[in-house]
Amino acid sequence: MFLQTQGITKEFGKLRAVNEVSLAIIKGDIHAIIGPNGAGKSTLFNLITGYHRSTSGKVLFKGEEITHLPAYTRCKLGVTRSFQITSIYPKLTVYESVLMALLSHRKETFNFFTSAKKFFKEEVWRILEDVGLADQANILGDSISHGDKKRLELAITLGTEPELLCLDEPTCGMSTEETDNIMSLINKLSTERGITILFTEHDMSVVFGIAKRISVLHQGTLIADGKPEEVRANEEVQKVYLGGTS
Amino acid sequence: MKRGWWLILLLALAIIAPHVISEFYLVILGEALIMSLFALSFNLLFGYMGQLSFGQAAFYGLGGYTVAMLITKLQFSFWLSILAGVGVASIMGLIVGYFCVRLKGIYFSILTLAFGQLIFVIIFKWHNFTGGDDGIQGVFPPGILKIPIVYYYFILVVFIISAFILWRIVNSPFGHTLKAMRENPERTEFLGIHIARYQLITFVIAAAFAGLAGALWAPFYRSVAPSYLTWIKSGEPVMAAILGGPSTFFGPVLGMFIMTFIHAYILGFTHFWPIIMGTIILIIIFVLPGGILEFAKVKIKERQERGKLTKGSS
């Protein structure tokens, strides 16, 4: 099993944000976690990527327990994430931002004497071209459009050459057109680079078009898990989630 | 390339200067170089790591005291004493930094201030070991280094080598990581960077160069005093960086030169130096908020872009 959570639970005071969730993610899949706002999607994400520590339960990555590892170690093992509120480098250029990720992943950050600019030119350009930011390479992070910032964060995460890429609401705040673009980009990354992708989403139409597996969270509990058609047919899912919208 | 010409010009000036100016101003020039090195060490933390240290003078003072004590009490070799000064400052930097890098923003500043004052008080009170408020006199460099102009060239060489090393560090992958951590620590941590470790290393490097500056100063001035370790001394590189521009590499150097020379000049006819300095800082903060060098950089860039535009349209 590629990534697995076993009865993972997170409590904030008396609130159980994630309640004994056991989830399995298969290598190479595009796996979506859906659920209404407040269902615990982001918290589950934070438990997997090391932003929060679980109250109980385990997280396993490629068979090894990573429950208590700090975020930076998980990243080194191959688990990288994006944030729901886009997290980029406002005063670094697009190019420099992606370069940072590559320097970190390829273990060059303890080099004190060579110019950083000399490293990984090809790799950075390849990523920028893949996500469609090559023409904005020398612009500062905070000077590009919202949609491009989302792309930039995706480009930065690609710099760590992840095996599992966790995207927290990758289409948050985007127009329909931008959403379609990002989704086809995610699809491309999955097929061309063989990256396993885990993402959260609240817009159903987006998820069913692309995800190979879907997990549904409701009030911190996993209520359904499986192929899109199975999830769609699930009665409980229809009741708590899809009922209102479809 | 243009920047290269500036550096060569400045270097030529620094080499010629001692033959043109009086001995009084030669000492001031040496002081300005040493203090500039101190300011560069501080700006590694402030400008590049993004944390304001208010205790950097402790490492400067430790460097100076180590050299002074080794030379006067143990008749240690001058060169070994300088090395030892750097070593003591680095080890202290490792200990103090271990605690400080866990904190951010104002808490980092306050803790560096507290540690700085702690080290100051130990040196100030431990009379029979450090000489207390008498300081230590008679710190002589060996041989021809006793001649101020020779010692000045020695300072110049050490300054150039140190500045070059620091320049390489801030432009290296390590320096790039520092900037990324300053811009967005969370994002950087989630790229696999153990933030505290990088900050600790930076803190030690900064302490080492501050220690080197102090170690150079003691034999130049022939003495050390506990006032070198106070928070007032720690404030000098802060002001120099703000004056010259903390986001530029040479900003703190420019700031320190301005401060040192205006100070020396003004003391000739008034003791109200802090009023003058305060006014200058006030003006800079309101008129040129990024510091002098940052302002100049922006202006030059604007001009170049305007140049490109007019060329393109004609």
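(A) Looking closely at the overall build of chain A. Of the regular secondary structure elements, chain A holds 9 helices and 10 strands. In summary, chain A has a C-alpha radius of gyration of 18 Å against a globular reference of 18 Å for 246 residues, a match within 12%. Referenced to the eigenvectors of the C-alpha coordinate spread, the extents of chain A come out at roughly 55 × 40 × 30 Å. For chain A, restricting intrachain contacts to residue pairs at least 6 apart in sequence, the fraction spanning at least 24 positions comes to 66%.

(B) Inspection of the nonpolar core at higher detail. Ranked by internal contacts, the top residues of the largest apolar core, which has 151 residues, are Val98 and Ala155 of chain A together with Phe209 and Ala213 of chain B. Each of domain 1 (1-78 + 164-246) and domain 2 (82-161) of chain A gives at least three residues to this core. Residues within four places of Phe209 of chain B in sequence aside, it is in contact with Leu37, Leu40, Ser41, Ser162 and Leu166 of chain B.

(C) Examining the packing of helix α12 (residues 251-266) of chain B against helix α13 (residues 273-287) of chain B more closely. Residues and elements named next belong to chain B. Contact geometry for α12 and α13: axes closest at 10 Å, N-to-C directions at 145°. As for the relative orientation of α12 and α13, their crossing is right-handed in sense. Here Met259, Ile262, His263 and Ile266 of α12 lie close against α13, whose contacting residues are Trp273, Ile276 and Met277. Its residues placed into classes, the contact of α12 with α13 shows 6 nonpolar, 1 polar and no charged.

(D) Representation of the interface of chain A and chain B within the structure. Contacts between the two partners involve 29 residues from chain A, matched on the other side by 21 residues from chain B. When residues of the side of chain A that touches chain B are traced back to their parent elements, those giving at least two are α2 (71-77), β6 (79-81) and α3 (94-105) of chain A. Considering every element that reaches the side of chain A that touches chain B, the biggest residue donor is α3 of chain A, with 6 residues. The class makeup of the residues in the side of chain A that touches chain B is 16 nonpolar, 9 polar and 4 charged.

(E) Spotlight on the packing of helix α4 (residues 78-100) of chain B against helix α5 (residues 105-125) of chain B. Residue and element names in this part refer to chain B. It is the contact of α4 with α5, at a shortest axis distance of 10 Å, that shows an interaxial angle of 145°. Crossing hand, α4 versus α5: right-handed. For the pair α4 and α5, contact is made by Val96, Phe99 and Cys100 and by Phe108, Leu111, Thr112 and Phe115, respectively. For the contact of α4 with α5, the residue count by class is 6 nonpolar, 1 polar and no charged.

(F) Spatial organisation of the pairing of strand β4 (residues 56-61) of chain A. All names here are of chain A. Here strand β1 (residues 3-12) runs beside β4; their pairing, made up of 5 bridges, is antiparallel. The partner of Gln4 across the bridge, within β4, is Leu60. The pairing of β4 with strand β5 (residues 64-65) spans 2 bridges and is antiparallel. Within β5, the position partnered with Leu60 by the bridge is Glu65. Connecting β4 to the next strand, β5, in antiparallel fashion are 2 residues, including Lys62 with a positive phi near 50°.

(G) Structural detail: the sheet that holds β5 of chain A. Read across the sheet, 4 strands follow the order β2-β1-β4-β5 (chain A) without closing on themselves; strand pairing throughout is antiparallel. Here the strands that pair on one side only, and so sit at the sheet edges, are β2 (15-25) and β5 of chain A.

(H) Molecular detail of the confidence of the model for chain B. Averaged over every residue, the pLDDT of chain B is 92; residues scoring 70 or more account for 97%. Interface confidence for the predicted complex, given as ipTM, is 0.91, next to a pTM of 0.91.

(I) Quick look at the domain arrangement of chain A. Residues and elements named next belong to chain A. Along its sequence, chain A is organised into domain 1 (1-78 + 164-246) and domain 2 (82-161). Each side of the interface is counted separately: domain 1 has 13 residues, and domain 2 has 9 residues. Mapped onto the side of domain 1 that touches domain 2, the elements with two or more residues apiece are β7 (164-167) and α6 (176-193). Among the elements that make up the side of domain 1 that touches domain 2, the one with the highest residue count is α6 (3 residues). For the side of domain 1 that touches domain 2, the class distribution of residues is 8 nonpolar, 2 polar and 3 charged.

(J) Fine view of the sheet that holds β6 of chain A. Residue and element names in this part refer to chain A. If you trace the 6 strands from one edge of the open sheet to the other, you get β6-β7-β8-β3-β9-β10, paired in mixed fashion. On the outer flanks of this sheet lie β6 and β10 (221-226), each paired with one strand and no other. Neighbour-to-neighbour, the strand axes of the sheet open up by a mean angle of 15°, direction not taken into account. Note that β7 and strand β8 (residues 196-201) share 4 bridges and pair parallel. Of the residues in β8, the one forming a bridge with Leu167 is Phe199.

(K) Spatial organisation of helix α11 (residues 231-244) of chain B. Residues and elements named next belong to chain B. With 14 residues, α11 should reach 20 Å at 1.5 Å per residue; the first-to-last C-alpha distance of 20 Å fits that figure. Taking burial as the measure, the 14 residues of α11 include 11 buried ones, the bulk of the element. Regarding α11, the residues found buried are Lys233, Ser234, Glu236, Pro237, Val238, Met239, Ala240, Ala241, Ile242, Leu243 and Gly244. Positive backbone phi, at 120°, marks Gly245, one or two positions downstream of α11.

What counts as what
Residues numbered from 1 in each chain as written. Chains lettered and ligands numbered in written order. Predicted model: local features only at pLDDT ≥ 70, side-chain atom pairs only at ≥ 80, totals over all residues. Helix = DSSP H or I, 4+ residues; strand = E, 2+ residues; numbered from the N terminus. Rg over C-alpha atoms; globule rule 2.2 N^0.38 Å. Contact = placed C-beta atoms within 7 Å. Core = buried A, V, L, I, M, F, W, Y, C linked by C-beta atoms within 7 Å. Buried ≥ 20, exposed ≤ 12 C-beta atoms within 10 Å, placed from the backbone. Domains from an automatic or database assignment. Axes fitted to C-alpha atoms, helices over the stretch in contact; angles between N-to-C directions. Left-handed = near helix turned anticlockwise from the far one by under 90°. Nonpolar A, V, L, I, M, F, W, Y, C, P; charged D, E, K, R; others polar. Pairing = 2+ DSSP bridges. pLDDT = per-residue confidence, 0-100. Expected span 1.5 Å × (residues − 1).

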